[in-house]
Amino acid sequence: MKKNFIHPYMPNSAPKAKNEMLKELGVNSIEDLYLDLIPDQLLFKQKMALPEPILSEYALKKHVEKILAKNTTCDEYISFLGAGCYRHFVPAVCTEIMNRAEFLTAYCGDTYSDHGKMQAIFEYTSMLGEILDLDVVSYTCYDAGQAVSSSLRMALRISAGKGQKLLLPASMNPEILSQARSYCEGYGEIVLIDYDKETGLLDIDHLKSELSPETAAVFLENPAYFGGIEQNVEEIARLTHDLGAIFIVMPDLSSLGVMESPANYGADIVCGDIQPFGMNIQYGGGCAGFIAVRQEEKYINEIPTYLYGIAKTQNEGEYGWGRAINARCSHGSREKAKEYFGTATGLWAITAGVYMASLGPCGIRELGETILQKTAYAIKELAKIPFITAGKFKGFNFREFIINFDKCKKTVKEINQSLLEYHIFGGKDLSKDFPALGQSALYCLTEITSAEDIHKLTQALTEIVSIK
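A quick note: this is a predicted structure, and the numbers were derived from the prediction, not measured.

J.: Could you clarify how one ought to interpret the sheet that holds strand E6 (residues 246-251) in this entry?
T.: The pairing of strands in a sheet happens through backbone hydrogen bonds and is either parallel or antiparallel. If you walk across this open sheet you meet the 7 strands as E2-E8-E7-E6-E5-E3-E4, and the pairing is mixed. Of all the strands in the sheet, just strand E2 (136-137) and strand E4 (189-193) have a single pairing partner and so form its edges. As judged from the 5 bridges shared by strand E7 (residues 269-273) and strand E8 (residues 289-293), these two strands associate in the antiparallel manner. Pairing of aspartate 273 across the sheet is with glycine 289, part of E8. Relative to the sheet, helix H7 (residues 174-184) contacts strand E3 (165-169), E4 and E6, its axis offset from that of E4 by approximately 155°. Against the sheet, helix H9 (residues 233-242) engages strand E5 (215-222) and E6, with an angle of about 150° to E6.

What follows is the structure, encoded as C-alpha cells:
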C-alpha cells in the first residue's frame, strides 16, 4: 500500500496524524512497533496478494452486492434445513426494537449508565424464567454449544473431587459435541451413550451400565437431535440423581408451549439456544445461548456469565437494575473467574424478550402446537412415497425427522442436488456424522412451512426417487 495512502474507513490514517502518533511513541514507523514482539523468522516480508482497495463507498457497496447475489436465500427456495439453526417467523416489532440505536450500537454498559438496556435484559430473563419454570436465567452466551459446554463445566466444578465423567447422547448434535469435547478436555471425560435402534432416543440400558459414582453429569437433548421426543425423562432424572450426579437438559424453546419444562421432570441445569425466539438465520450470527437454574447457591455461583437483578432504590417504589454476584465471572474477577465470556449476544437477549412479550403465553402454546401438527402431517404425507422411509424411528417428533433413501439407491447428496432443480433445500445429510443410518437426511419444518410446501416436497421426491 502506498506510503501516503489515506484509508477511507480507518480513523487517523492521514500521514500527518500517523506521524504525530509515531513521534509521541518515539518510533519511526508502524513496523517498529512489532520488532520486539514478532520474531524475525515469523515476519511476512513480501507483498500480500490482496486486491487494490475500493475507495468509493458506493463502488464498495455495489461490489459486495454482486458477491451476495451469488447466494440463494430461503425467501427464494423452500428450506427443510434445520439441525441447530431454524427459520421461524420473526415479528416486525423484533427487528424494529433491535435496530434502535440505543440497543444496536451501545456496548453493554454499567449500572450507572445503562439502565434501559439492563432493564430490557432483566425482562428477557424474567420471561424466559417463566417459560422454563426456573428462578435464575443467565445473560446470553454465544450459542447453544457454549451454553451446553459451560453447563458441563459447571457440573464438573460442583462435583469436583467426586466424579468427572460426563454422559452424553451419541446421537446429539455433532457440532455441539465437538464444542463440548474441546471445552471439557483436561477437565472431564466424555462418555457417549448409544441410542435405541427403534426409537432413536437414549438407550436406557446403556445409560444404566455407564452410570457410576464417577458420573458428574448426564446430558440430554429433548427433543433429540433426530427430532424425537424423549419418553423416559423422569427415569433418566431419577437414575442420575440416585448417584448424586447432575441432570442437564437442552430443550427446544419453541416446543415448551406443548412440552413440559425440563425443570419439572428433574433437570438441575437447563440450557440451549434462544435463536428460535425472534432471530433470522444468518451467517455467523443469530444465535445466543442461555443457562437456567433453580435458586440454589451451588448452581448460581457456578454460572460464568452476567446475572441481571432488580433492586430497590432509596426512593419508595423506584427500582434499579444491575449485575449480581459479579465476583464469580470474568468481569468481576478476571484471574479467579469460573470461565471467560464476552458480551457479543446481549442484543439477541433483548430481541428474544420482545418476541416473548409479543407472542405471550397463548402465542407460545400455538407455536408449539402448530409445529407439532405440521411435523406429524409431513411425516404422514412423505411416508406415502415409495422407496424412501420417512420418520425412520418410532415415536413422536417435533420439528425434525429423518428420511432414509437407501431403498432408492441414491445418496443424500444426489437427492439434495436434484431438489435444487425444484427450488427446494433438502435436509441435513447425516451420512458422515452418523454412517450407521445409511443415506439419511434430517428434515426440518417450522410454523412457516405451509401445506403447499410439504406437498411440493412430496411431489419432488416422488419424481426424483422414481428416476432410474
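J.: How should I be thinking about the packing of helix H11 (residues 346-382) against helix H13 (residues 451-466) in this particular structure?
T.: Direction vectors running N to C along H11 and H13 enclose 25°, while the axes themselves pass 10 Å from each other. One finds that H11 runs roughly parallel with respect to H13. Seen along the crossing, H11 lies across H13 with a hand that is right-handed. On H13, the residues that touch Lys374, Tyr377, Ala378, Glu381 and Leu382 of H11 are Ile454, His455, Leu457, Thr458 and Leu461. Its residues placed into classes, the contact of H11 with H13 shows 6 nonpolar, 2 polar and 2 charged.

J.: Explanation requested: the pairing of strand E15 (residues 440-444) in the structure shown.
T.: The side chains of a regular strand alternate between both faces of the sheet. Judged by how many residues are buried, E15 sits mostly within the fold: 5 of 5 residues are covered. Of the two faces of E15, the one lined by Ser440, Leu442 and Cys444 and the one lined by Ala441 and Tyr443 are each fully buried. In the sheet, strand E12 (residues 400-404) pairs with E15 via 5 bridges, with the strands oriented antiparallel. Bridge assignment links phenylalanine 401 to a residue of E15, and that residue is tyrosine 443. In the sheet, strand E14 (residues 428-429) pairs with E15 via 2 bridges, with the strands oriented antiparallel.

J.: What's the story with the sheet that holds E12 in this structure? I'm lost.
T.: Here we have 4 strands laid out as an open sheet, ordered E11-E12-E15-E14, and antiparallel in their pairing. The open sheet terminates on both sides in strands that have one partner only, identified here as strand E11 (389-390) and E14. In the packing of helix H12 (residues 412-420) onto the sheet, the strands contacted are E14 and E15, and the crossing angle to E15 comes to about 45°.

J.: Help me out: how do you make sense of the side chain of threonine 125 in this one?
T.: In this fold, threonine 125 is placed in helix H5 (residues 115-132). The contact partners of threonine 125, leaving out residues within four places of it in the chain, are Val137 and Ser138.

J.: Can you walk me through the pattern of salt bridges in this structure?
T.: Should their charged atoms come close, side chains of opposite charge can pair. On inspection of all chains with the given rule, the structure shows 15 salt bridges. Between lysine 208 and glutamate 235 there is a salt bridge whose closest N-O contact spans 3.6 Å. Linking lysine 208 in helix H8 (residues 204-210) with glutamate 235 in helix H9, this pair joins segments that are 27 residues apart in sequence. By relative accessible area, lysine 208 is classed as partly exposed at 41%. With a relative accessible area of 26%, glutamate 235 lands in the partly exposed category.

J.: Looking at this structure, I do not really get the packing of aromatic side chains. What am I missing?
T.: Each aromatic ring pair is characterised by the separation of its centres together with the angle its planes make. Tallied over the entire structure, the rule returns 13 aromatic pairs. For the ring pair phenylalanine 80 and tyrosine 443, a centre distance of 6.2 Å and an interplane angle of 45° mean the geometry is tilted. Here tyrosine 443 lies in strand E15 and phenylalanine 80 lies in the loop between strand E1 (78-79) and helix H3 (92-98), a separation of 363 residues in the sequence. One exposure class covers both phenylalanine 80 and tyrosine 443, and it is buried.

J.: Sorry if this is basic, but what is going on with the packing of H12 against H13 here?
T.: The relative placement of two packed helices is expressed as an angle between their axes plus a distance between the axes. For the pair H12 and H13, the least separation of the axes is 10 Å and the interaxial angle reads 120°. With respect to their mutual orientation, H12 and H13 come out oblique. Relative to H13, the crossing made by H12 is right-handed. Residues Ile415, Ser418 and Leu419 of H12 form the contact with H13, whose participating residues are Leu457, Ala460, Leu461, Ile464 and Val465. Partitioned by chemical class, the residues of the contact of H12 with H13 number 7 nonpolar, 1 polar and no charged.

The rules we used
Residues numbered from 1 in each chain as written. Predicted model: local features only at pLDDT ≥ 70, side-chain atom pairs only at ≥ 80, totals over all residues. Heavy atoms only, no water. Pairing = 2+ DSSP bridges. Helix = DSSP H or I, 4+ residues; strand = E, 2+ residues; numbered from the N terminus. Contact = heavy atoms within 4.5 Å. Axes fitted to C-alpha atoms, helices over the stretch in contact; angles between N-to-C directions. Parallel < 35°, antiparallel > 145°, perpendicular 65-115°, else oblique. Left-handed = near helix turned anticlockwise from the far one by under 90°. Nonpolar A, V, L, I, M, F, W, Y, C, P; charged D, E, K, R; others polar. Buried < 20%, exposed > 50% of the residue type's maximum accessible area, 1.4 Å probe, protein only. Salt bridge = Lys/Arg side-chain N within 4 Å of Asp/Glu carboxyl O. Phe/Tyr/Trp six-rings, centres within 6.5 Å; stacked < 30°, edge-to-face > 60°.

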